[in-house]
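Architecture at a glance
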Amino acid sequence: MATGRTHRPATRSRGIPEATVARLPLYLRALTALSERSVPTVSSEELATAAGVNSAKLRKDFSYLGSYGTRGVGYDVEYLVYQISRELGLTQDWPVAIVGIGNLGAALANYGGFASRGFRVAALIDADPAMAGTPVAGIPVQHTDDLDRIISDNGVSIGVITTPPGAAQQVCDRLVAAGVTSILNFAPTVLSVPEGVDVRKVDLSIELQILAFHEQRKAGEDITVEDEAAPPMRATPAGRKGPDGDMPAVMPA
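Below you will find a few notes about this structure. Predicted model only: the values in this text are computed from it and were never measured. (Residues numbered from 1 in each chain as written. Predicted model: local features only at pLDDT ≥ 70, side-chain atom pairs only at ≥ 80, totals over all residues. Heavy atoms only, no water.)

What follows concerns the packing of helix α2 (residues 44-51) against helix α3 (residues 55-64). Closest axis-to-axis distance for the α2/α3 pair is 8 Å, and the angle between their directions is 100°. Classified by the angle between their axes, α2 and α3 sit roughly perpendicular to one another. Seen from α2, the contacting residues are S44, E45, L47 and A48; seen from α3, they are S55, L58, R59 and F62. Of the residues assigned to the contact of α2 with α3, the class counts are 4 nonpolar, 2 polar and 2 charged. (Axes fitted to C-alpha atoms, helices over the stretch in contact; angles between N-to-C directions. Helix = DSSP H or I, 4+ residues; strand = E, 2+ residues; numbered from the N terminus. Parallel < 35°, antiparallel > 145°, perpendicular 65-115°, else oblique. Contact = heavy atoms within 4.5 Å. Nonpolar A, V, L, I, M, F, W, Y, C, P; charged D, E, K, R; others polar.)

Take a look at the structure:
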């Protein structure tokens, strides 16, 4: 079986924009759901709605793949699944090593969705000697002292870092030195990598902060709407007594 170390996706050589690459997994997820329901074709509007983008952007993205659909029919679902999977490099095996087998690392190791999407958890690595040999998701945890050998033996080109932030850069450096060229970083820190190494960062706290921003803005809009709905203040003639004394007249703007 081919591994990720023998072949790289062709997206960059084909000139597909990074923004389009980032949307391809969204299309693939929506198409896979349609395929599981035995839906043969889908219009650009239907697929765009399912993927959460507008149809014009979807058609532009698919033009980079050389797929334009058929007028009055739409896109062939199975063919698009294959086409996008091939473009993303998911038609082959990608061995993945997870470093840092705490709660998050163990949860990722137990996630069953990797295999169906072209990824195989090939190795689990941790710095705690007490973890060595402990099976997680049926895979024995190995010590970081053997990281170079583990990466080489398993042909790993994608590493997942789920360590505490203080250890993430050191782990990253060791992964890169061992030949890993793509890293998914869950540690809440920014990693420095040499040219030619790709890093994708997943920071749940940042995502929650963004949601908090939107919640606060929605709350502010609700307050504004309530203020606009309130009846206007009535002008009070000069000299009229209020509960706290004289009330000034409201002057015209």
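Grouped burial of nonpolar side chains is what soluble globular proteins tend to show. Ranked by internal contacts, the top residues of the largest apolar core, which has 23 residues, are Y27, L31, V42, L47, L58, F62 and I84. Taken together, the elements giving at least two residues each to this core come down to α1 (18-36), α2, α3 and α4 (77-88). With 7 residues, α1 is the largest single contributor of residues to this core. The residues contacting L47, other than those within four sequence positions of it, are Y27, A30, L31, L34, V42, L58, F62 and L80. The next biggest cluster of nonpolar side chains, apart from the first, holds 20 residues, and it includes V99, I150, V156 and L175. (Core = buried A, V, L, I, M, F, W, Y, C linked by side-chain atoms within 4.5 Å. Buried < 20%, exposed > 50% of the residue type's maximum accessible area, 1.4 Å probe, protein only.)

The subject of this paragraph is the environment of A109. Take A109: it is sitting in helix α5 (residues 103-109). Once residues within four sequence positions are removed from consideration, A109 is found in contact with I98, L124, V136 and A137.

Here the focus is the pairing of strand β4 (residues 119-126). Within β4, 6 of the 8 residues are buried, which leaves the element mostly enclosed by the surrounding structure. When strand β3 (residues 94-99) meets β4, the two strands line up parallel, connected through 6 bridges. Counterpart to V99 in the pairing with β4 is I125. Once the chain exits β3 it traverses α5 before rejoining the sheet at β4, and the crossover so formed is right-handed. Relative to strand β6 (residues 139-143), β4 is paired through 3 bridges, and the arrangement is parallel. The residue of β6 that forms the bridge with I125 is Q142. (Pairing = 2+ DSSP bridges. Right-handed = clockwise from strand over helix to strand, strands pointing away.)

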